[in-house]
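# Breakdown of the fold
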Amino acid sequence: MIMEVRTRAIVLRSVKYGDGSLIVDMLTRECGRVSFMVRIPKTQKGKLKKQFFQSLTVLALVFDFRQRSSLQHIRDISVSQPFATIPFDPMKISLVMFLAEFLTYATRDEQQNVPLFDFVESSLRWLDDADGGYTNFHLVFMTRLSLFIGFQPSLDDYSDDSLFDLREGCFTHVVPLHHDFLQPSQAHLLPTLLRLNYRNMHLLRLSREQRNDIVGQILYFYRLHVPDMPELRCLDVLKELFA
């Protein structure tokens, strides 16, 4: 069965394949995660250009979806949302590289999920428009993303002296029988993070050490809930940002 699909798509990862080809993983609005085989022409005349497949580029695609094929082929392509600042700002580039790697694993099994796609797309627009005040962007992004993939932390039993059970995703006053939990001193900022948005996140003042600790806690939470999610290679670069 072959079905024509017209959709917006966000590039997550591209890997060189052979001579002049790429395997590109994308998050699409209509079909969720889709992988494509892309042959890049050696001349500039073809529609498929390597720069289309940079991390988190937002594209407009037309392709024939073949259900039995693991790699789809693009029929038509254009940039849906050209970025004005992200490709030229070293700090934004580093953020985008980290988030692209994060999304590659966090959304690996996603089928069509329009709210998830729209959240990621609107977040990228916000980051591209931002002149400053985005040092906590990745914290808010990762925390809010959990809502769209089904395991957002619950605040129902929160109090100042409660633990946070990373496996169950909830606050508790009973010490769990496992070691995957945060002490009250580690967990106290989580309710604040869950209430932040991009407009007010600059109000949360954190040192680089605090920010990096929170990133580590969020990623550990994801690794408990997303099968086979590895340590992220781009994390070391991110840790050097935002003193």
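The present account deals with the structure reproduced in this document.

The rules behind these values
Residues numbered from 1 in each chain as written. Predicted model: local features only at pLDDT ≥ 70, side-chain atom pairs only at ≥ 80, totals over all residues. Heavy atoms only, no water. Phe/Tyr/Trp six-rings, centres within 6.5 Å; stacked < 30°, edge-to-face > 60°. Helix = DSSP H or I, 4+ residues; strand = E, 2+ residues; numbered from the N terminus. Pairing = 2+ DSSP bridges. Axes fitted to C-alpha atoms, helices over the stretch in contact; angles between N-to-C directions. Parallel < 35°, antiparallel > 145°, perpendicular 65-115°, else oblique. Contact = heavy atoms within 4.5 Å. Nonpolar A, V, L, I, M, F, W, Y, C, P; charged D, E, K, R; others polar. Salt bridge = Lys/Arg side-chain N within 4 Å of Asp/Glu carboxyl O. Buried < 20%, exposed > 50% of the residue type's maximum accessible area, 1.4 Å probe, protein only. Left-handed = near helix turned anticlockwise from the far one by under 90°.

## Quick notes on the packing of aromatic side chains
Evaluation of the coordinates by the stated rule reveals 16 aromatic pairs. Aromatic side chains F36 and F63 sit 5.0 Å apart centroid to centroid with 90° between the ring planes, which places their arrangement in the edge-to-face category. Residue F36 is found in strand β3 (residues 32-39), and its partner F63 is found in strand β4 (residues 58-66); the two are separated by 27 residues along the sequence. With centroids separated by 4.9 Å and ring planes inclined at 80°, the aromatic side chains of F102 and Y222 adopt a geometry described as edge-to-face.

## Focus on the sheet that holds strand β6 (residues 163-165)
Across the sheet, three strands lie side by side as β7-β6-β8; this open sheet has antiparallel pairing. A strand with exactly one partner marks an edge of an open sheet, and here the two such strands are β7 (170-172) and β8 (181-182). By the bridge criterion, two bridges tie β6 to β8 in an arrangement that is antiparallel. Looking at β8, one finds that D165 is bridged to F181.

## Here we look at the packing of helix α1 (residues 90-106) against helix α2 (residues 114-129)
Two elements in contact, α1 and α2, have axes whose closest approach is 12 Å; the angle formed by their N-to-C orientations is 170°. Overall, the two elements α1 and α2 adopt an arrangement that is roughly antiparallel. Here α1 contributes K92, L95, V96 and L103 to the contact with α2, which in turn contributes V120, L127 and D128. For the contact of α1 with α2, the residue count by class is five nonpolar, no polar and two charged.

## A short note on the pattern of salt bridges
Taken as a whole and assessed by the stated rule, the structure comprises 10 salt bridges. For the salt bridge of E121 with R125, the shortest nitrogen-to-oxygen distance reads 3.9 Å. Of the two residues, E121 and R125 are both situated in helix α2; the distance of four residues between them amounts to about one turn of the helix. A relative accessible area of 5% means that E121 is categorised as buried. Across the pair R223 and E231 runs a salt bridge whose closest N-O atoms are separated by 3.6 Å.

## Digging into the sheet that holds β3
The antiparallel open sheet is built from five strands, whose spatial order is β3-β2-β1-β4-β5. Edge positions in the open sheet fall to β3 and β5 (73-79), since each of these has one partner strand only. Ignoring which end each strand starts from, the neighbouring axes of this sheet average 40° apart. Bridge count for β4 against β5 is six bridges, and the pairing is antiparallel. Bridge pairing in β5 links F63 to I74.

## Some details on the packing of helix α3 (residues 137-149) against helix α6 (residues 208-225)
It is the contact of α3 with α6, at a shortest axis distance of 10 Å, that shows an interaxial angle of 20°. Considering their axes alone, α3 and α6 lie roughly parallel with respect to each other. Remark: the crossing between α3 and α6 carries left-handed chirality. Contact with α3, carried on its side by H138, L139, M142, T143, L145, S146 and I149, involves R211, I214, V215, I218, L219 and Y222 of α6 and no other residues of that element. Of the residues belonging to the contact of α3 with α6, the class tally is nine nonpolar, three polar and one charged.

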